[in-house]
Amino acid sequence: MSMISVVGFGLMTDISVYSIIIPVLPFRLEALGYSGVSSLVGWLLFAFSGGLVVSTIPVAMLSERYKTRRVPFIIGTVTLLGSQVMLMEAPSYGIMCFARILQGISSSMVWVVGLALLCDTVSENRVGRQLGIAMTGMSIGFVIGPPVGGLLYGRLGYRAPFVFSEICTILDLVGRLLIIERKYALEWGVDPAAVPTGKQAEAQHALDDVDISDGQLGDKDQLMSPHSPVSNASPAKAREGEVLSDAEHGEATIVVPVKPLSLHVVVIRLVKSSRALVALSLSLVWGLAYSCQETTLPLHLQAVWNLDSAKVGLVMLAAVFPTIISSPLTGWLADKGAEWPTLLCLLLAIPWWIVIILQPSLSLFIVAFVIENFFTSGVIPPVIAELAAVSRNVDGIGYAHVYGALNLAYGMGTTIGPIIGGEVYEHTKHGWTAICLLAAGLLALCLLLSFGYTGADPLAARLHRSIGRQQILENSGRATTLATL
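Now for a quick tour of the structure. For every chain, the first residue of the written sequence is number 1, and numbering continues from 1 onward in sequence order. For a predicted model such as this one, the threshold for reporting local features is a pLDDT of at least 70, and the threshold for listing and counting side-chain atom pairs is 80 or more; totals across whole chains, interfaces and linings nevertheless cover every residue. For side-chain calculations, the full set of non-hydrogen atoms in the structure is used, while hydrogens and water are omitted.

Examining the side chain of Ser55
The secondary structure listing takes helices from DSSP runs of H or I that are at least 4 residues long and strands from runs of E that are at least 2 residues long, numbered from the N terminus. With respect to the helices, strands and loops of the structure, Ser55 is situated in helix α3 (residues 37-65). Classification of Ser55 by relative accessible area gives buried; the value is 10%. A 3.5 Å cut-off defines polar contacts: any pair of N or O atoms within that distance qualifies, except that in protein one atom must be a possible hydrogen donor and the other a possible acceptor, and neighbouring residues in sequence count only when both atoms are side-chain atoms. A distance of 2.8 Å separates a polar side-chain atom of Ser55 from the backbone oxygen of Gly51. A polar contact is formed between the side chain of Ser55 and the side chain of Ser108, at a distance of 2.8 Å. Note on contacts: a residue pair is in contact if any heavy atoms of the two residues lie within 4.5 Å. Look past the residues within four positions of Ser55 in its chain and what remains in contact with it is Gly104, Ile105 and Ser108. We call a residue buried when its accessible area falls under 20% of the maximum for its residue type, exposed when it is over 50%, and partly exposed in between, using a 1.4 Å probe and counting protein chains only.

Points about the pattern of salt bridges
Close approach of charged atoms lets side chains of opposite charge pair. Salt bridges are defined as contacts in which a side-chain nitrogen from Lys or Arg sits within 4 Å of a carboxyl oxygen from Asp or Glu. Inspection of every chain in the model, using the stated rule, returns nine salt bridges. Between Glu386 and Arg275 there is a salt bridge, and its shortest N-O distance comes to 2.9 Å. Of this pair, Glu386 sits in helix α19 (residues 380-393) while Arg275 sits in helix α14 (residues 274-305), and the two are 111 residues apart along the sequence. For Arg275, a relative accessible area of 18% gives the class buried. Note that Arg462 is salt-bridged to Glu339, the shortest N-O span being 2.3 Å. Taken together, the positions of Arg462 in helix α22 (residues 459-484) and Glu339 in helix α17 (residues 339-355) put the pair 123 residues apart, joining distant regions of the chain. Using a relative accessible area of 28% as the deciding quantity, one classes Arg462 as partly exposed.

As for the packing of aromatic side chains
Geometrically, a pair of aromatic rings is defined through the distance of the ring centres and the angle of the planes. Between the rings of Phe, Tyr and Trp (Trp by its six-membered ring), a pair exists once the centres lie within 6.5 Å; its type follows the angle of the planes, with under 30 degrees stacked, over 60 edge-to-face, and the other angles tilted. Within the structure shown, the criterion is met by 11 aromatic pairs. Ring geometry for Trp286 against Tyr290: centres 5.1 Å apart, planes inclined by 80°, an arrangement best described as edge-to-face. Of this pair, Trp286 and Tyr290 are both found in helix α14, four residues apart, which corresponds to roughly one turn of the helix. In this pair, the class of Trp286 matches that of Tyr290, namely buried. Plain terms: the ring middles of Phe365 and Phe369 are 5.6 Å apart, the flat faces sit at 25° to each other, and that makes the pair stacked. Remark: Phe369 and Phe365 occur in helix α18 (residues 362-377); sequence separation between them is four residues, near one turn of the helix. Judged by relative accessible area, which is 1%, Phe365 ranks as buried. Site record: aromatic cluster; members linked through ring pairs are Trp111, Trp286, Tyr290, Trp353 and Tyr410.

Looking at the nonpolar core
To qualify as a nonpolar core, a set must consist of buried Ala, Val, Leu, Ile, Met, Phe, Trp, Tyr and Cys residues joined through side-chain atoms within 4.5 Å. Ranked by size, the top nonpolar core spans 116 residues in total, and within it Phe365 and Tyr403 carry the most contacts. In this document the domain limits rely on a domain assignment from an automatic tool or a database. Looking at which domains feed residues into this core, each of domain 1 (1-188) and domain 2 (260-464) gives three or more. Not counting the four nearest positions on each side in its chain, Phe365 is found in contact with Leu297, His300, Leu301, Trp305, Val315, Ile356 and Trp432.

So, a nonpolar patch on the surface
Together, Ile57, Leu263, Val267, Val271 and Leu277 make up an exposed nonpolar region whose accessible area comes to about 380 Å². With three residues, helix α13 (residues 263-271) is the single largest residue contributor to the nonpolar patch. Along the polypeptide, Val267 turns up in helix α13. You can call Val267 partly exposed: its relative accessible area is 41%. Patch membership is restricted to residues that have no salt bridge and whose relative accessible area is over 30%. Joining uses 9 Å for like charges and 5 Å for the nonpolar side chains Val, Leu, Ile, Met, Phe, Trp and Tyr. Here the open area of atoms and residues is found with the Shrake-Rupley method and a 1.4 Å probe, where only the protein chains shown may cover a residue.

A look at empty space enclosed by the protein
Think of a 1 Å grid over the protein atoms and nothing else: a 1.4 Å probe that fits but is trapped marks a cavity, an open set flanked by protein within 12 Å on at least five of seven lines marks a pocket, and residues with an atom within 4 Å of a point count as lining. Grid points are joined across faces, edges and corners, and a volume is the space filled by probe spheres set on the points. The full count for this structure, using the stated rule, is seven cavities of 30 Å³ or more. Approximately 210 Å³ is the volume found for the largest cavity. Along the walls of the largest cavity sit 20 residues, with Phe142, Tyr290, Glu294, Val320 and Asn373 positioned nearest its centre. Secondary structure elements with two or more residues in the lining of the largest cavity: α6 (127-156), α14, α15 (309-320), α18 and α20 (399-427). For the lining of the largest cavity, the leading source of residues is α14, giving seven residues. Structurally, the lining of the largest cavity is a two-domain feature, drawing no fewer than three residues from each of domain 1 (1-188) and domain 2 (260-464).

Digging into the side chain of Ser63
Along the chain, Ser63 turns up in helix α3. The exposure class of Ser63 is buried, given its relative accessible area of 1%. Polar contacts involving the side chain of Ser63 include one to the side chain of Arg69, which spans 2.8 Å.

All quantities given are derived from atomic positions and should not be read as evidence of function.
Spelled out as structure tokens, the structure:
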């Protein structure tokens, strides 16, 4: 089974399980007799994010230490299934919170291990587009979750959305059971990450021209030695694979694994990377902004336009559907450099966070909400591709490390976001306005940071060099003029 389809479906399942109850929770809590619903919903979302944050570091470190992806990937699905049953049958708010914590733990498996698993099996020059395609699973999950949750709850009752998500989870489990990790594929002489291009393709042609019968095997061995351009053309292979196979001769070369880094060394190396810090900051802000919005959006739509749960779900469907296009598009652009798609998406998203404050009509709100989601979601694939580049360029840092940090940053955002959103909406006269302005301000700060630090060659550095060259040319021109005089 295709790795990208398994990871994409895993992301879809995770997000649909997370979001399917967003339109349902306020009405369910009201039916159970609770008051202060917006704050309670915020704490339920906090419980999910708390479980995600607590479990992320152990999952990332263990996955890199033992070089295993498939086992935690499967454990995450089983945990997710059990948590859904618990939440479905929960008779009290406390049990609902515990079930959401378990869901957060299972979510860390797919976001840390799943993305690392995909990067393991994709060539470096295609990481962005493949991650972008997989991230459409997240968008589809948001498309499916809220409207299906609202419609099923309105027509069939509280358990119906959970039965639907449990079926998706079982299908997800089947897919995860069928995957084959790259290290095992290499033992059979198949490297899913190998795409001969450029120097690698030229070297392969040189190998094809070698006449082994004439005793030129030594030339081939030299070409395939650890110090040759061919072996160095794929750093991911050399770093992660304990076994590299020669498919032609059925032989395997054992590579001595590097001693795993301790947690504090991983943290120090990531903190020293400005690219990593900016990418993680973007992830934190994205999680905070969206979780603030998700907590209060159903209540805002109900208060201003008197929408029920089914109509709230449809509004969210209309807003999320275009992100199915933005994720692969910005992922494809990120392979050419993450700086431009990141900067443009932030620049074009910020004004629409301001427009959704306006209340002249529901139609204007939906259009603005759609555009805001399109550009804000488009930031994520370049951020993920940027972290993959950081992993390849920082010694000892693996994909699970950077995606563990990504998950932690996102989890911190979604941990404090619902609390901020719920409390601000509940206790502020213009709560929705305050939430949108906060998100716009944080995105503007991320815009400045991205301009200075995103990409191997940030746009600020390019601008500085361009100004320097212009000054040199101007000074040279003045000198020439003075010399002629």
